[in-house]
Amino acid sequence: MGQSYIEQRTERTKWFLQDRFGMFIHWGLYAIPARGEWVRNAERITNEDYQVYFDDFNPERYNPKEWAKAAKAAGMKYAVLTAKHHDGFCLYDSQLTDYKSTNTKAGRDLVQEFLDAFRAEGLKVGLYYSLIDWYHPDYPAYGDMHHPMRDNEQFKRDPARFGNYLEYMHGQIRELLTNYGKLDIMWFDFSYGELKGEAWRSTELMEMIRSIQPHIILDNRLEASGEEGGSIYTNDPSFYSGDFASPEQIIPPSGVTDEAGNSIPWEACITLNNNWGYGATDYTYKSAKTVIRKLVECVSKNGNLLLNVGPDASGEIPEQSLAILEEVGKWIRRNGESIYGCGQADLPKPEWGRYTQKGNKLYAHLFEESVGPVNLAGLAGRVKHARLLSDGSEIFVSRPWNAVMYPNDAFFNFSKPEHFTYPLPDER
Ligand code: JFZ
């Protein structure tokens, strides 16, 4: 008897649940207008006018080795790059289109260089591929939002043309899976309205994917959008339901579980400011402290965080983003043990922060400075000893009547990252 789909998914996602933290990279022609990756649609830019960006695209400072170093130093364990976003522009040398980076002034296969650089740093690699394509002549309009230049009825009127697009889409995915070595993640984006599941010829697509790269893991968006989940949320996931759920710009209140209440692999994708693609005037950056806390929150709910950067037209990750990543990395270097391989604790959320847990080690993430002892409700008599994870110093835990931690001087002196993690190895 073969394994069930869920058993196979559990096998495939083991590394993913260990790694917990990845880098999302939205990069393409839209870095030039620098108003986000939806600019072509939002501003109803014609193919002719958008062509200017293709003609000018020349990211001379593209050095993915620097990106990879920044990701690794931030504690990220994998990265996902937009091989093609909704505008249809390919960052790789596809034989199926001329609309690709090798035909621009860049003259380079940007995907190949990305993969080489990130693999060299020991990170796992993934590619984002947009199911939506605003450039391909046979991509149907369906809902004004999803195709700026075409009328909404075209798809229904001309399924043959949509068939042409699917040939192209399947062909491009085959190229990515065949020509670039082992990929760890394929990140499809996204389904909507009638365009979901079998409308993409997903069974056939999945058979192809699994035959070429059996170990690759996929998001759930062959069936789902960023909002709706698809059948991965049910007890009977389809063959193309994906390996992890992909809540977007939200950390689900209670994590992600199926109908039986079992945890499903999930990854929240979150921007650093308010854009995925580069936004030259978007200064709404989150603080390093917020990012750290959101990462902790994801792990405390058995989830991953895929944190986005949007490199600019010169090929560089914005300074502000790099500064945040560096701060996050400082915290991770001391406290990463409370993230990697960790998950939800067997205790309810404490009033002062979050728990993460790995085996019999409990990590208490204090999100506020305490006045007096910290209440460890439910742990009375169960804590063997406690240490400040960032420097190894002892934390006094009272017993047996009630478990409380008395944060010592080390707690108050270690104020720089404004975030405190206590490990509480306990005996159960
Ligand atoms: C999609 C893309 O449109 C966006 O550009 C970015 O790549 C992001 C990671 O994914 O964003 C979505 C997808 C679906 C919804 C909203 C945003 N949705 O269904 O509401």
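Conventions and cut-offs
Residues numbered from 1 in each chain as written. Predicted model: local features only at pLDDT ≥ 70, side-chain atom pairs only at ≥ 80, totals over all residues. Buried ≥ 20, exposed ≤ 12 C-beta atoms within 10 Å, placed from the backbone. Helix = DSSP H or I, 4+ residues; strand = E, 2+ residues; numbered from the N terminus. Arc of directions from axis to C-beta. Contact = placed C-beta atoms within 7 Å. Axes fitted to C-alpha atoms, helices over the stretch in contact; angles between N-to-C directions. Parallel < 35°, antiparallel > 145°, perpendicular 65-115°, else oblique. UniProt positions renumbered as here; feature names shortened; annotations may be inferred.

Looking only at helix H4 (residues 47-56), the buried set comprises Tyr50, Tyr53 and Phe54. The buried residues of H4 all sit within an arc of 100 degrees when viewed along its axis, so they share a single face. The exposed set on the far side of H4, more than 90 degrees from its buried face, consists of Glu48, Asp49, Asp55 and Asp56. Looking at the buried positions of H4, the neighbouring elements they touch are helix H3 (39-42).

Glancing now at the packing of helix H8 (residues 159-179) against helix H9 (residues 202-212). As a packed pair, H8 and H9 sit with axes 10 Å apart at the nearest point and diverge in direction by 10 degrees. On the basis of the axis angle, H8 is roughly parallel to H9. In this structure, H8 contributes His170, Ile173, Arg174, Leu177 and Thr178 to the contact, and H9 contributes Leu205, Met208, Ile209 and Ile212.

Let's shift gears to helix H5 (residues 64-73). All of the buried residues in H5 are Pro64, Trp67, Ala68 and Ala71. The arc that holds the buried residues of H5, viewed along the axis, is 95 degrees, so those residues lie on one side. Looking at the buried side of H5, the elements it contacts are strand S1 (21-25), strand S2 (78-84) and helix H6 (110-120). Positive phi shows up at glycine 75, right after H5, with a value of about 95 degrees.

Our next topic: unusual backbone geometry. With an omega of -15 degrees, the peptide bond between aspartate 189 and phenylalanine 190 qualifies as cis. Here phenylalanine 190 shows up in the loop between strand S4 (185-189) and H9. Positioned with a positive phi, alanine 34 is a non-glycine residue whose angle comes to about 60 degrees. Looking at where alanine 34 falls in the secondary structure, it is placed in the loop between S1 and H3. The phi torsion at arginine 201 lies on the positive side, around 55 degrees, for a residue other than glycine. As for its position among the elements, arginine 201 is in the loop between S4 and H9. Classification of arginine 201 by C-beta neighbours within 10 Å gives partly exposed; the count is 17.

Within this numbering scheme, the UniProt entry marks Cys269 as carrying the feature "site: May be important for catalysis" (unreviewed entry). Residue position: cysteine 269 is located in strand S6 (residues 266-271). If we skip the residues at most four places from it in the chain, cysteine 269 touches Phe24, Ser246, Glu248, Leu306 and Asn308.

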